[in-house]
Amino acid sequence: MKYLIGIDVGTTGTKALLFTETGRIVKTAYRGYGIVSDRPDYAEQEPSEWYRAAADTVRQCTAVLKDSSQITAISVSAQGGTTVAVDKDGIPVRRAVSWLDRRAKREAEELCRGKEQNYYYLNTGWRLNDGYNLAQIKWMKAHEPDLFEKTALFLSPLDYLNLRLSGKAVSDFTNEGITNLENLHSRDWDLSIFDDLQLLRSNLPQLEPAGTVIGKLTKAASLDLGLTEDTMVINGGYDQYCAALGLGAIHEGDVMLSTGTAWVLIAVTNRLVFDTDTFSSPCMHIIPDCFGVMASLETGGVSMDWFKDKVASCKDYKETYETMNSMIEERGAGADGLLFYPHLAGTTCPYWSKNSRGAFVGLTLFHDRYHMARAVMEGVVYEICEVLDSYQKQGMKTQTIKLVGGASKSKVWTQMIADISGVSVEVYDNADAAAIGAGIIAAKGAGYYENFEQAADAFRQNVVCIEPNQEVHVLYKKIRQEYHSGFECLKKFYDWRARGVEA
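These figures come from a predicted structure and were not determined experimentally.

Would you mind going over the sheet that holds strand E3 (residues 25-32) with me for this structure?
Strands belonging to one sheet form pairs held by backbone hydrogen bonds; the direction of such a pair is parallel or antiparallel. Ordered in space as E3-E2-E1-E5-E14-E13, the 6 strands form an open sheet in which the pairing is mixed. The two strands at the open ends of the sheet, each matched to only one other strand, are E3 and strand E13 (213-216). Taken over all neighbouring pairs, the strand axes of this sheet differ in orientation by 20 degrees on average, direction set aside. Sheet contacts for helix H1 (residues 47-62): strand E1 (3-9), strand E2 (13-20), E3 and strand E5 (71-78); angle to E3, the most-contacted strand, approximately 150 degrees. Set on the sheet, helix H10 (residues 239-246) makes contact with E1, E5 and strand E14 (232-238); between it and E14 the angle comes to about 100 degrees.

Would you explain unusual backbone geometry in this entry?
Look at the link from Cys349 to Pro350: it is a cis peptide, with omega at 10 degrees. Positioned with a positive phi, Asn118 is a non-glycine residue whose angle comes to about 65 degrees. The topology assignment puts Asn118 in the loop between helix H2 (105-112) and helix H3 (119-124). Among the residues examined, Asn118 registers a relative accessible area of 25% and is labelled partly exposed. Positive phi values are uncommon outside glycine, yet Gln198 reaches one of about 55 degrees. Along the polypeptide, Gln198 turns up in the loop between helix H8 (191-197) and strand E12 (206-207).

How should I be thinking about the sheet that holds strand E22 (residues 424-428) in this particular structure?
The mixed open sheet is built from 7 strands, whose spatial order is E17-E18-E16-E15-E21-E22-E23. Edge strands, defined here as strands with exactly one partner in the open sheet, are strand E17 (281-284) and strand E23 (463-466). Each strand of the sheet is rotated relative to its neighbour by a mean of 25 degrees, with strand direction disregarded. With 4 bridges joining them, strand E21 (residues 400-405) and E22 adopt parallel strand pairing. Directly across from Leu403, in E22, lies its bridge partner Val427.

Calculation notes
Residues numbered from 1 in each chain as written. Predicted model: local features only at pLDDT ≥ 70, side-chain atom pairs only at ≥ 80, totals over all residues. Heavy atoms only, no water. Pairing = 2+ DSSP bridges. Helix = DSSP H or I, 4+ residues; strand = E, 2+ residues; numbered from the N terminus. Axes fitted to C-alpha atoms, helices over the stretch in contact; angles between N-to-C directions. Contact = heavy atoms within 4.5 Å. Buried < 20%, exposed > 50% of the residue type's maximum accessible area, 1.4 Å probe, protein only.

What follows is the structure, given as structure tokens:
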């Protein structure tokens, strides 16, 4: 029997999964790490922590095998938008600047000057973001010129892990879309952006499709991971697209919905789609000649955490998800007229209203905490359906929603997603979709399958399909119209209030 390893390098921890070549999960391991924020708007990480976590979790996985030479290939899924600056020897010159960092606001504004409107979005697929690589690199050039000059390569976590494992700095197309440096049309680095930073092509990693064999483990990496030097290193991808692959969101009409702190959607399509009204982010999929369109609700799962911990709980009573899920089912669809807007940090796609804030609308003396909890759940799903509507306006149809993450553990929330959207929901019982996607990439790259579709089918986990209740869906359609009208009124209020504060 041959084995494969998929590694997911996340923002707060790394997970490794050991698979058989037929896709069965044999062992999982996890190691966490922190984010350093020693100044306002700063968020940094130690790149060496990612590597140590990868080595530790791989060793935990391989401990169940008699012979580590049975492991033929390894691949990495990784967080995107984070910048790792390394010298000519591949050693970081400073801590990595996380995608959560917001120090580069001024640099982002400067990068937009001299570019036509929406240049970055229409070429890289992402609006210029002060938290992603391009603005971070410009900030480093302006504020840390000595370190900038010392830097030989500007990498993302995927590229850095590939470098540590194989000795080669290689990235893939899904991972580099979020950097604001890659041109989607040429499928190469955007040379016009290089001029703004005085960068050379040699300062950025080599671009190769996911599934490409980069090489084999270096001697140092083989010792650190406890694997042989014959182990193949297969180019991986951005964690959200690896998760889509792991969930089988690989055909037109599939939508991945990942429900963590933020809720992330990726709609699969066979064409490159741009929308300057909603600015949903197009990118190449891991599947060749396939694309994804990504959007997120930053306060998805965290809205429910906020309500449970700060509203429904007090010193003498701690609310639990088990109790809430049970009691919510006793409240009817629509929470007896109560609406909740989960704009606790403003809202992004499709409305991009930075002034908006969270709100309960329609509270009466009749409502209790479980009406409010149901309204929070419904409000999050209404927001997701606004994104699905924007996909439909762009010509994309939603055939199935492939669900993973915290909401998948809630029967009532899962049913809401089906009822409100009117679409079948596939619930996966394994939340490690990104690491599974990395395993699929390793299997295809190692030659066990002809294509990603075959590998994804072999690695498919247990799935439960939830169908929408059509009567309830009709009721929710009316409530969604009320929700949308309410948002338009609230937006006017919040914009008016923001003008007053600024004045």
